[in-house]
Each structure stands twice: as structure tokens, then as C-alpha cells.
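# Summary of structural features
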Amino acid sequence: MALTPDDVVTKQFQHVRFKEGFDPDEVDDFLDEIVVEWRKTIAENEELKAKLAAFESGEAAPATVAAPVAEEPKAEEPAPVETPAPAPAAPVTSDAEPAAQSAGIIELAQRLHDEHVAEGKAQRDQLIGEAQAQAASIVAEAEQKGREERARLEKERVTLEGRITELRNFERDYRSQLRSYIEGQLRDLDTSASSSGSTPVSAIGL
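Residues numbered from 1 in each chain as written. Predicted model: local features only at pLDDT ≥ 70, side-chain atom pairs only at ≥ 80, totals over all residues. Heavy atoms only, no water.

### Section: the overall build of the protein
For the protein, the count of helices and strands is 5 helices and 0 strands. Listing each helix as α and each strand as β along the protein from the N terminus yields α-α-α-α-α. Residues classed as buried in the protein amount to 11% of the 206 residues present. At a minimum sequence separation of 6, the contacts of the protein that also span at least 24 residues come to 64%. With an accessible surface of roughly 16,300 Å², the protein has 58% of that area assigned to carbon and sulfur atoms. (Helix = DSSP H or I, 4+ residues; strand = E, 2+ residues; numbered from the N terminus. Buried < 20%, exposed > 50% of the residue type's maximum accessible area, 1.4 Å probe, protein only. Contact = heavy atoms within 4.5 Å. Areas by Shrake-Rupley, 256 points an atom, 1.4 Å probe, with all protein chains shown as cover.)

### As for a negative patch on the surface
A contiguous patch of negative charge on the surface is contributed by D25, D28, D29, D32 and E33. Structurally, E33 is set in helix 2 (residues 24–57). (Patch = residues over 30% accessible without salt bridge, like charges linked within 9 Å, V, L, I, M, F, W, Y side chains within 5 Å. Salt bridge = Lys/Arg side-chain N within 4 Å of Asp/Glu carboxyl O. Lys, Arg positive; Asp, Glu negative; His and termini not counted. Charge placed at Lys NZ, Arg CZ, Asp CG, Glu CD.)

### So, the packing of aromatic side chains
Inspection of the entire model under this criterion finds 1 aromatic pair. Measuring from centroid to centroid gives 6.2 Å for F170 and Y174, while their planes differ by 20 degrees, and the two rings are stacked. Highlighted residues: F170 and Y174, both in helix 5 (residues 89–197), separated by 4 residues, approximately one helical turn. Look at F170 and you get exposed, because its relative accessible area is 56%. (Phe/Tyr/Trp six-rings, centres within 6.5 Å; stacked < 30°, edge-to-face > 60°.)

### What about helix 2?
Residues that lie three or four places apart on an α-helix share one face, since the helix turns once every 3.6 residues. An ideal rise of 1.5 Å per residue puts 50 Å on 34 residues; helix 2 measures up with 49 Å between its terminal C-alpha atoms. Along helix 2, the positions that sit buried rather than exposed are E26, V27, F30, L31, I34, E37, T41, N45 and L52. Positive backbone phi, at 95 degrees, marks G58, one or two positions downstream of helix 2. (Expected span 1.5 Å × (residues − 1).)

### Let's talk about the nonpolar core
Core analysis: the largest hydrophobic core is formed by 10 residues, namely V8, F13, V27, F30, L31, I34, I105, L108, A109 and L112. Those elements that provide at least two residues to this core are helix 2 and helix 5. (Core = buried A, V, L, I, M, F, W, Y, C linked by side-chain atoms within 4.5 Å.)

### What about the pattern of salt bridges?
Overall, the coordinates contain 11 salt bridges when judged by the stated rule. The salt bridge involving E149 is made with R152; its shortest N-O contact spans 2.3 Å. Here the residue E149 and the residue R152 both occupy positions in helix 5, the gap between them amounting to 3 residues, near one helical turn. The salt bridge partner of R152 is E156, with a shortest N-O separation of 2.6 Å. Here the residue R152 and the residue E156 both occupy positions in helix 5, the gap between them amounting to 4 residues, near one helical turn.

### Brief notes about the side chain of E26
By the secondary structure assignment, E26 is in helix 2. The contacts of E26, once residues within four sequence positions are left out, are K11, Q12, F13 and Q14.

### Brief notes about the environment of P24
With respect to the element layout, P24 can be found in helix 2. By relative accessible area, which is 24% here, P24 ends up partly exposed.

### Considering the confidence of the model for the protein
With 68% of its residues at a pLDDT of 70 or more, the protein shows a mean pLDDT of 75. Confidence, expressed as mean pLDDT per element, reaches its minimum in the protein at helix 3 (residues 61–71) with 42 and its maximum at helix 2 with 85. Counted against residues more than four places away or in other chains, residues 60–93, with its pLDDT under 50, gives 11 contacts. Predicted confidence for residues 201–206 stays below pLDDT 50, and this span has 2 contacts to residues more than four positions away or in other chains. (pLDDT = per-residue confidence, 0-100.)

Okay, here's the thing in C-alpha cells:
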């Protein structure tokens, strides 16, 4: 099916579901169609140019002038001069129209390409911005947790140091009390030994 300028102007692309913009595959397929039609137009232009050049060079003139020359050579001599005059006008018009269509197709293809590239850059910048914001949020959250963890550990350290101080004080007091108790028991033993040593043997039943 031949592609017309109206087809290019009225072409509607399907929007993708998970991101903004057109479907890249559909745009690429449509651009491929444009390229095919563009190549056809270029080939037709080349063929028309070749025919026009051949006609202007006089290769096609003998076929149209052969019959009149046989009947009235002198009367019909101006005819070959007049017939080529309007002939170039038609090919020029037909050549200019495909050229204009080709220019329009090229301009549209370029515009679609630019829009697609701009959309890709915008999405890239958006993804980069979101990634940077997410990274900054993760870093901030990690720093906050680190500060909270250091504060908790510092609090536990202070608590443990206070507990250690209490245990050391308890140990010191306990040793002091135990030493005092033992020394008192030793003094009592010495006193008892001294008292038993001065008692007569008869007093203890011997």
C-alpha cells in the first residue's frame, strides 16, 4: 500500500502503558515505511529526470515528427520546435511535487526522530534524578541510624561503667569487712588461747 503525505500527517502512535511517550517499535516501523516510500520516490524522480533529459536531447522527437515530415517537410518543420516547448513543463511539475513530498517526509521523519531523542533524554534525566534522590535518602537514613546506634552504644557504655564502678566499690567494701571480721576472729582466738594457757591443770580436770 503506497504511503501518502496524509498517511504521515494522520498517523497515530499507541501510547505505552508503563511510561510516557510513543512505542519505539511502532515509531521505528513507521519510519521504515517512510524510508521505503522515500526510496521509491527517489527512483521515480531519477526515472523522470532521465526521460526528461532524453526528451530534451531529441531522442523522442523523431517518433512524433516522422509522419508529418513525410507529407509536408517544409510546412511541419516548426512543429518539432513547438512540441518540446510544453513538454518540459509537465515533467518539471511532476518532478517538483515528489520532491516536495520527499522533503515533507524527511522533515517529518527528522521531527519524529528529534522528539524520540528528546523524550529519551528527558526520561534519562528523570531516572538519574530519581536515582540520585533515592541514593541521598538511603545515605541520610543510614547516617541517622548510625547516629542512633552510636548514641545507644554510648548509653550502654556509661551504664556498664557505672555498674563496674558499683561492683568494684562492693568488692572493696566486702574485702574490708571480711578482713575486719577475720582479724577480729584472730584476736578472739589469741585471747582465748592466752586465757586457757594461765588456767591450772587441776582446774581443767587433769
